[in-house]
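# Report on the structure
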Amino acid sequence: MTCRFLFAACAVLLVCAAGCQDAADPPAIDGELAMRYAQGNYDLGPRIYRTEGAAKSAEWIEKQAIEMPGLLESGGRVRIIGPGAVKNVEIVIPPTVRNTAQGDDCDFIVVGAHHDTKRLFSVPDFAGANDGASGVGALLAMVRTCVEYMQKRPLPCGIRFVFFDGEEALYQYTETDGLVGSRAYVDMLAKNGEKDRCRAMVLLDMIGDRDLHIDLAGNSTPALAKLVMAEAEAAGHADKFSPGDTAILDDHYPFLQAGIPAVDLIDFQFGPQNCYWHTGADTMDKISAESIKCAADVALRTVWRLAASGFKDLPK
Ligand SMILES: [Zn+2]
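Residues numbered from 1 in each chain as written. Predicted model: local features only at pLDDT ≥ 70, side-chain atom pairs only at ≥ 80, totals over all residues. Heavy atoms only, no water.

Below, the discussion takes up the coordination of the zinc ion. Here the zinc ion is held by the protein donor atoms Asp131 (OD), Glu168 (OE), Glu168 (OE) and His278 (NE2), which lie 1.9 to 2.8 Å from it. Coordination geometry of the zinc ion: the 4 donor atoms subtend angles of 52 to 150 degrees at the metal centre, consistent with an arrangement described as irregular. Judged by its relative accessible area of 4%, glutamate 168 falls in the buried class. With relative accessibility at 17%, the residue histidine 278 sits in the buried group. (Donors = N, O, S within 2.8 Å, 3.2 Å for Na, K, Ca; no water. Tetrahedral: all angles 85-135°; square planar, octahedral: opposite > 155°, others 65-115°. Buried < 20%, exposed > 50% of the residue type's maximum accessible area, 1.4 Å probe, protein only.)

Written out as structure tokens, the structure is:
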């Protein structure tokens, strides 16, 4: 072996240390753990925006993060963010490879889900197992995986897991009703001068359906949707994903409006003719650990691939 070859081999090793996704060991969540988190969130009961239920849900998510092994010890941070009645929860995972050129101002990806539930006058105790709790369970389990996985597969960018409040409209979607938490979060990024460092947004919504089939929202950024489809294929879940052609108003939308590439992983066929959606039938027996794991694993693989490649598939 010549010195030159040795140098080349070292260079490859260094590049891999900066975030190669090992095909034999991609990031994957514990589906049962995600289900336990979903159950815990569901058991809080209704979590309607501007009510004590949503405030309690935010505090509960914050507590799960604080108690998560290794999160705070590895530099992770958690906080509840307003303004006002908005109770978004943000869990920040800093990069494990420091980009000295960027310092603390590193690029990051947002992974989102909403934690509020729909106000249903006909079902006052509506607690949204799929429409709410499944995304919360997925994200908390993803945080847990990231903390462990980043020790062996360092990542050169940050990940921010954001649990949005006020996704559901109290009456109907308008400029000020619905998507309240995600709009407030994007406004905050713009005000703090962080918007340009937010390189992508991956949203999970209604991903727990036992009969899972995710149609990516048709207004997702095409290059990002393509990456998700490729990772679904690589994960062996190609049959559970379609590119989708229906635009959906969801928490990825304020990010798109701000020019941030975004994709929405959503299964908007919940029960025959979507009859479980926003009804008393959206209960824990309708969702499964396997479905949450399927969606979360594909989302996490996408995040890792994007970050590890230096966002080459999503140029600024
Ligand atoms: Zn909903």
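Quick look at the confidence of the model for the protein now. On average, residues of the protein carry a pLDDT of 90, and 90% of them reach 70 or more. Scored below 50 in pLDDT, residues 1–20 shows 12 contacts in the model against residues more than four places distant or in partner chains. (pLDDT = per-residue confidence, 0-100. Contact = heavy atoms within 4.5 Å.)

Below, the discussion takes up the pattern of salt bridges. Summed over the entire model, instances satisfying the criterion amount to 14 salt bridges. For lysine 63, the salt bridge identified is with glutamate 67, shortest N-O distance 3.1 Å. Accessibility expressed as a relative area gives 44% for lysine 63, which makes it partly exposed. Here arginine 301 and glutamate 231 are joined by a salt bridge, their closest N and O atoms 3.0 Å apart. Of the two residues, arginine 301 sits in helix H8 (residues 289–308) while glutamate 231 sits in helix H6 (residues 222–234), which places them 70 residues apart along the sequence. In this pair, the class of arginine 301 matches that of glutamate 231, namely buried. (Salt bridge = Lys/Arg side-chain N within 4 Å of Asp/Glu carboxyl O. Helix = DSSP H or I, 4+ residues; strand = E, 2+ residues; numbered from the N terminus.)

Attention shifts here to the sheet that holds strand E8 (residues 262–266). Read across the sheet, 6 strands follow the order E1-E2-E4-E3-E5-E8 without closing on themselves; strand pairing throughout is mixed. Looking at the sheet topology across the chains shown, the edges are occupied by strand E1 (77–81) and E8. Put simply, the sheet's adjacent strands are angled 20 degrees from each other on average, direction ignored. As judged from the 7 bridges shared by strand E3 (residues 108–114) and strand E4 (residues 158–164), these two strands associate in the parallel manner. Bridging from a neighbouring strand, phenylalanine 108 pairs with glycine 158 of E4. With respect to the sheet, helix H3 (residues 52–66) is in contact with E1, strand E2 (88–93) and E4, its orientation differing from that of E1 by roughly 175 degrees. On the sheet, H6 packs against strand E5 (198–205) and E8 and is oriented at approximately 45 degrees with respect to E8. (Pairing = 2+ DSSP bridges. Axes fitted to C-alpha atoms, helices over the stretch in contact; angles between N-to-C directions.)

What follows concerns unusual backbone geometry. In this structure, the amide linkage connecting glycine 82 to the following residue, proline 83, adopts the cis form with an omega of 15 degrees. Relative to the helices and strands, proline 83 is located in the loop between E1 and E2. Even without being a glycine, arginine 50 presents a positive backbone phi close to 70 degrees. Within the secondary structure, arginine 50 is located in the loop between helix H2 (31–42) and H3. Residue classification places arginine 50 among the exposed positions, given a relative accessible area of 60%. In this structure, asparagine 274 takes a positive phi of about 60 degrees despite not being glycine.

Close contact between H2 and H3 brings their axes to 10 Å; oriented N to C, the two are set at 150 degrees. Here H2 is positioned roughly antiparallel relative to H3, judged by the angle of their axes. Like other packed secondary-structure pairs, H2 and H3 cross with a definite hand, here right-handed. In this structure, H2 contributes Tyr37, Gly40 and Asn41 to the contact, and H3 contributes Ser57, Trp60, Ile61 and Gln64. (Parallel < 35°, antiparallel > 145°, perpendicular 65-115°, else oblique. Left-handed = near helix turned anticlockwise from the far one by under 90°.)

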